[in-house]
Each structure stands twice: as structure tokens, then as C-alpha cells.
Amino acid sequence: MTNKYIYFVANWKMFGNLRSLNSLDKVIKFSKTNKKKKYKIIYCPPNTLIRPMSKRLKKTTIQVGAQNCHHTYEFGAYTGQVNSSMIKSVGAKYVILGHSENRQIGETDNLINLKIKSAIKSGLKIIFCIGETLKEKRSKKTNQILKRQIEKGLKSIKNKSKIIIAYEPVWSIGTGAIPKEAALTQTISFIKSRFAKKYPKILYGGSVNNKNVEKLKKIPNIDGFLIGGASQSSKKFIDIIQKTII
Ligand code: PGA
């Protein structure tokens, strides 16, 4: 863990309705009673909840993000799509891009690059997901894959101050499996080495829960976690935060 602000990003995926927002009350209370610690909470709900969630979190330090956006900055004839300026206008400050669940259905490195550029133009911060599949890990291609994803995803983006990297091994997402300590340490330092001195923040994601977080927080240079399943329960989410920062 770094000694900077620690990020806890909740990725709700395609879960949640208006009633689910009631679960935020416990987290709001927690953040109000733990003001002095150096951490940030960011909720990324489905697009349908960005506006009502932002309203609910108005007087708090908790921020809201989206889980994806279209690659064009302008309005356009793209049925079912929403662009970066639209999510920004309803309260999102962040957007997750390059998530493996979207890469698996056809999102390419080049498309992700266009999305990141559009999100920067809209003034959003980007949680840029990278990670290898099980097959790639088994054939020892992890570094090669991460190098490609970083180079192509961030191609011709000079100012990387808005970028947060989320290293999410695909084989770890939703499976309960996490990388071994030595391997994760090595991978994080490889990611760091792909950047000049001032590298972006690096989060870890993939099966983070209240049982393994104490192990994960020992990894050097991790700035926080991207949490899927466990973030849907405010009790588990708070437990993860507490075990990390307290
Ligand atoms: P998980 O998901 O915590 O449920 O493994 C993480 C993610 O997909 O961002």
C-alpha cells in the first residue's frame, strides 16, 4: 500500500435499482465518522443510478463514476449509447474504461483509447482496467499483454494526470482467486516501470473481499482497490475499508 490517499472503487456492474441506494446510508455514516483518514470512496453504479446516487451523496466526500461510455464526445445517432459528457452532466466524476467484461464483448485497445480521450475532454477521471486472461497467464504472457494494453490504451495521451490504472487479472474477477503475493508485487512494479517517474495511481481489482484485503494491502505501491461483488454489501464494503485504513 502507498502512504497516499487509498481508493475504494465500488463497481456495481449491472446490479441495483432505486431501492439499493438505501444501502449507502451506512457508508455515508462511516465516511462522516472517519473523516481524518486518507482515503476516497467512489461508487460506480449503472447509468440509471448516477443522478439519484449523486444527489444522495451530495453532502458527503463520496464520489460517483460510470462504468463505461461511448467513444464520441458529440451527440450522435448511437442507439442505446451514452457519451462521456452525458455521464458528467448527471454527476459522474469518474468512468471505468477497458473493463475485461467489455473487452470480452469486443472492446479493442484502439476503441478504449478513443473512449479515454473523450472522457479526458469531458473532465472525467479514468479508471483504466488492464489484465491478462488465465490462458495468457499460463503461457507467461502477462507482462506482454499489460504492455500492449497500456501502450495502445494510452496512445498519444501525454498528460496522464487523470488516469488511474486498475490491474484486474481476468481470471481473478468474480472467481475468489487472487494472485500470489510475489507475483502481484512483481506485476505492479512492472506496470509502474511502463511509466516515467510520475506513474499513475495503481489499484488492484479481482475478488477483493473482507477476508483477503489484509493480505492484499501489504503489496507495495498499491493505491487502493476496485471492488465488484463485495461492494454491493455496504457491510462488507465498510469492512474492507476499515481493514485497510484503520
Ligand atoms: P469482483 O469484480 O470484485 O467481483 O471480482 C471486480 C471487477 O470486475 O471490477
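Residues numbered from 1 in each chain as written. Predicted model: local features only at pLDDT ≥ 70, side-chain atom pairs only at ≥ 80, totals over all residues. Heavy atoms only, no water.

A.B. asks: I keep staring at the packing of helix H7 (residues 142-153) against helix H8 (residues 181-193) and nothing clicks. Help me out?
C.D. replies: How two helices sit against one another is set out by the angle between their axes and by the gap between those axes. Where H7 contacts H8, the axes come no closer than 10 Å and their chain directions differ by 35°. The element H7 and its partner H8 pack so that their crossing is right-handed. Between H7 and H8, the contacting residues are Thr142, Asn143, Leu146, Lys147 and Ile150 on the first element and Thr187, Phe190 and Ile191 on the second. Along the lines of polarity and charge, the residues of the contact of H7 with H8 split into 4 nonpolar, 3 polar and 1 charged. (Axes fitted to C-alpha atoms, helices over the stretch in contact; angles between N-to-C directions. Helix = DSSP H or I, 4+ residues; strand = E, 2+ residues; numbered from the N terminus. Left-handed = near helix turned anticlockwise from the far one by under 90°. Contact = heavy atoms within 4.5 Å. Nonpolar A, V, L, I, M, F, W, Y, C, P; charged D, E, K, R; others polar.)

A.B. asks: For this particular structure, what's the right way to read helix H1 (residues 24-33)?
C.D. replies: Residue pairs three or four apart in sequence face the same way in an α-helix, which turns once every 3.6 residues. Those residues of H1 that fall on the buried side of the exposure criterion are Leu24, Val27, Ile28, Phe30 and Ser31. Relative to the axis of H1, the buried residues are bounded by an arc of 160° and lie together on one face. Every exposed residue of H1 that faces more than 90 degrees away from the buried side is listed here: Lys26, Lys29 and Thr33. On its buried face, H1 sits against strand S2 (39-44), helix H2 (50-56) and helix H10 (234-245). (Buried < 20%, exposed > 50% of the residue type's maximum accessible area, 1.4 Å probe, protein only. Arc of directions from axis to C-beta.)

A.B. asks: Got a minute to help me understand the side chain of Ser122 in this structure?
C.D. replies: Following the sequence through the fold, Ser122 ends up in the loop between helix H5 (109-121) and strand S5 (125-130). With relative accessibility at 10%, the residue Ser122 sits in the buried group. Of the polar contacts made by the side chain of Ser122, one reaches the backbone nitrogen of Ser85; its length is 3.2 Å. Excluding residues within four positions of it along the chain, Ser122 makes contact with Tyr73, Ser84, Ser85 and Lys88. (Polar contact = N/O pair within 3.5 Å; in protein donor to acceptor, adjacent residues only side chain to side chain.)

A.B. asks: How should I be thinking about the site of the ligand in this particular structure?
C.D. replies: Neighbouring the ligand are Asn11, Lys13, His99, Glu168, Ile173, Gly174, Gly206, Ser207, Leu226, Ile227, Gly228 and Gly229. Glu168 is positioned with one of its side-chain polar atoms (N or O) 2.7 Å from an oxygen atom of the ligand. About the coverage of the ligand: the protein hides 94% of its 280 Å² of free accessible area. Its residues placed into classes, the shell around the ligand shows 3 nonpolar, 7 polar and 2 charged. (Near = heavy atom within 4 Å. Areas by Shrake-Rupley, 256 points an atom, 1.4 Å probe, with all protein chains shown as cover.)

A.B. asks: In this structure, what is going on with the environment of Gln104? I would like to understand it.
C.D. replies: Along the polypeptide, Gln104 turns up in the loop between helix H4 (100-103) and H5. Distance from Gln104 to Arg148, taken between C-alpha atoms, is 16 Å for residues 44 residues apart in sequence.

A.B. asks: What is the right way to look at the layout of surface pockets in this model?
C.D. replies: One simple way to see leftover space: roll a probe sized like a water molecule over the atoms. Of the pockets and cavities examined, the largest pocket occupies roughly 550 Å³. Lining the largest pocket are 21 residues, and of these Asn47, Gln67, Asn68, Cys69 and Asn102 lie nearest its centre. Its residues placed into classes, the lining of the largest pocket shows 7 nonpolar, 10 polar and 4 charged. (1 Å grid on protein atoms, 1.4 Å probe; cavity = no way out; pocket = protein on both sides within 12 Å on 5 of 7 lines; lining within 4 Å. Points joined across faces, edges and corners; volume = space filled by probe spheres on them.)

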